[in-house]
Amino acid sequence: MSAKPPSSPATPFGTVLTAMATAFHDDGSVDLEGTARIATHLIDHGHDGVVVSGTTGESPTTTTAEDGEILAAVMDAVGDRAVVVAGVGTNATAHSVELAVQAEKIGADGLLLVTPYYNKPSPAGVLHHFRSVVEASGLPVMLYDVPSRTGTTITMETYAAAIEWETVVAVKDAVGDYARGVRLMELGYAVYSGDDVANLGWLAHGGAGFVSVAGHAAGPLLREMYDAFTAGDHATALARFTTMLPAIDAIMGVPNYGATTAKATLELLGVLDNRNVRAPLVPLDEDEVAALRVGLAASGLL
């Protein structure tokens, strides 16, 4: 059995990660066995690690206790050979602090901390939230900047202040501004792509790796693309990215995407026997599944 990938300042959480889905039973309860099976599938297919209880893990609908059970199940399944990052971002600072403390006790390797959503705090409020969560544990932290979901973009001033805290080491970027990302690297951040369509572009701009959603199906292609690019074989890296594009479009390019398409992908791959999600999400309908199947097949993933 392979060991946990080594950490370095340039790649503190490894290079190829997926923000993994959480499995649910038909009655809506968490399927811990199915969730562990997802983690094992990912690590067996090109990944260095996983992020649990992020948006794709439907964290807005899971309780603190469920988040702890999910993390423990994933740690038991792959924690000896993979990096396991716990999503602890919520729009309530006290809740995020509670999740961070819990994640450290369970043994997570790091934390993913998204900007508070819906509240739209000021930069001072964002910084206070980050500081409160960072100071609650000794785990390394990846900040998550996804204004399309949160309504707030992390300012460069906030980034400059947060990098002074020893455990803040990385950013998952879903802003897509490469020049801004290069400036974040100059501040000392390892920048991970948080948008699959931008994965190759981030490598070209010095990115550390990816926190993917398409990786539920495309892990080996992501690994091949990363390895080819870092070896200087940019033509092969582009070829792998081009191969992935139909799958990326099918998983990420539709209105009802994210956890819904990740679950349906796992069902098509035989990893799960259902595509259950929690409301307010609804599972893909048969027409949506058919379109997803076409995209995955076009990338050679089915």
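If you look the chain up in an unreviewed UniProt entry, it shows as 4-hydroxy-tetrahydrodipicolinate synthase from Nocardioides psychrotolerans. Note on the chain: under the UniProt heading Subcellular location (unreviewed entry), the record states "Cytoplasm". In its Pathway (unreviewed entry) section, the UniProt record describing the chain reads: "Amino-acid biosynthesis; L-lysine biosynthesis via DAP pathway; (S)-tetrahydrodipicolinate from L-aspartate: step 3/4."

Caption draft 1: Representation of the layout of surface pockets within the structure. Taken as a whole, the largest pocket encloses approximately 460 Å³ of empty space. Around the largest pocket, the lining is made up of 23 residues, and of these Thr55, Glu58, Ser59, Pro60 and Arg149 lie nearest the centre. Listed by contribution, the elements that provide at least two residues to the lining of the largest pocket are β4 (110-114) and α5 (147-150). When the residues that make up the lining of the largest pocket are grouped by side-chain class, the tally is 11 nonpolar, nine polar and three charged. Estimated volume of the second largest pocket: approximately 270 Å³. Surrounding the second largest pocket, 21 residues form its lining, Tyr144, Arg149, Gly194, Met252 and Tyr257 being those nearest its centre. Among the secondary structure elements, those contributing two or more residues to the lining of the second largest pocket are α5 and β8 (209-212). Grouping the constituent residues of the lining of the second largest pocket by class yields 10 nonpolar, seven polar and four charged.

Caption draft 2: View of unusual backbone geometry. Residue Pro280 is bonded to the preceding Ala279 through a cis peptide linkage, with omega at 20 degrees. Its place among the elements puts Pro280 in the loop between α11 (259-269) and α12 (286-298). Unusually for a residue other than glycine, Glu58 sits at a positive phi of about 60 degrees. Counting through the fold element by element, Glu58 comes out in the loop between β2 (49-52) and α2 (64-78).

Caption draft 3: Structural view of the packing of helix α1 (residues 32-43) against α2. Axis separation between α1 and α2 bottoms out at 9 Å; the angle between their running directions is 45 degrees. As far as their axial angle goes, α2 and α1 are oblique. Classified by chirality, the crossing of α2 by α1 is right-handed. For the pair α1 and α2, contact is made by Leu32, Thr35, Ala36, Ala39, Thr40 and Ile43 and by Glu69, Ile70, Ala73, Val74, Ala77 and Val78, respectively.

Caption draft 4: Spatial organisation of the UniProt feature "binding site: pyruvate" (unreviewed entry) in the chain. As recorded in UniProt, the feature "binding site: pyruvate" (unreviewed entry) lies at Thr56 and Val211. The annotated residues occupy 156 residues of the chain but converge on a single region, no pair of C-alpha atoms lying more than 11.0 Å apart. Of the residues named above, Thr56 and Val211 line the second largest pocket. The residue Thr56 is located in the loop between β2 and α2 in this model. A relative accessible area of 8% places Thr56 in the buried class. Each residue touching Thr56, except ones within four places of it in the same chain, is listed here: Ala19, Met20, Ala21, Thr22, Val213, His216, Gly258, Ala259 and Ala262. By the element assignment, Val211 lies in strand β8. Residue Val211 is classed as buried on the basis of its relative accessible area of 2%.

Caption draft 5: View of the UniProt feature "site: Part of a proton relay during catalysis" (unreviewed entry) in the chain. Taking the numbering used here, the UniProt-annotated feature "site: Part of a proton relay during catalysis" (unreviewed entry) corresponds to Thr55 and Tyr118. In three dimensions, the annotated residues from a span of 64 residues occupy one location, with a maximal C-alpha spread of 14.0 Å. When the annotated set is filtered for residues lining the largest pocket, what remains is Thr55. Position of Thr55 relative to the elements: it lies in the loop between β2 and α2. Setting aside residues no more than four positions away along its own chain, Thr55 makes contact with Tyr144 and Arg149. Within the secondary structure, Tyr118 is located in the loop between β4 and α4 (123-134). Judged by its relative accessible area of 74%, Tyr118 falls in the exposed class. Discounting residues that sit within four places of it in the chain, Tyr118 has contacts with Asn91 and Thr150.

What counts, and at which threshold
Residues numbered from 1 in each chain as written. Predicted model: local features only at pLDDT ≥ 70, side-chain atom pairs only at ≥ 80, totals over all residues. Heavy atoms only, no water. UniProt positions renumbered as here; feature names shortened; annotations may be inferred. 1 Å grid on protein atoms, 1.4 Å probe; cavity = no way out; pocket = protein on both sides within 12 Å on 5 of 7 lines; lining within 4 Å. Points joined across faces, edges and corners; volume = space filled by probe spheres on them. Helix = DSSP H or I, 4+ residues; strand = E, 2+ residues; numbered from the N terminus. Nonpolar A, V, L, I, M, F, W, Y, C, P; charged D, E, K, R; others polar. Axes fitted to C-alpha atoms, helices over the stretch in contact; angles between N-to-C directions. Parallel < 35°, antiparallel > 145°, perpendicular 65-115°, else oblique. Left-handed = near helix turned anticlockwise from the far one by under 90°. Contact = heavy atoms within 4.5 Å. Buried < 20%, exposed > 50% of the residue type's maximum accessible area, 1.4 Å probe, protein only.

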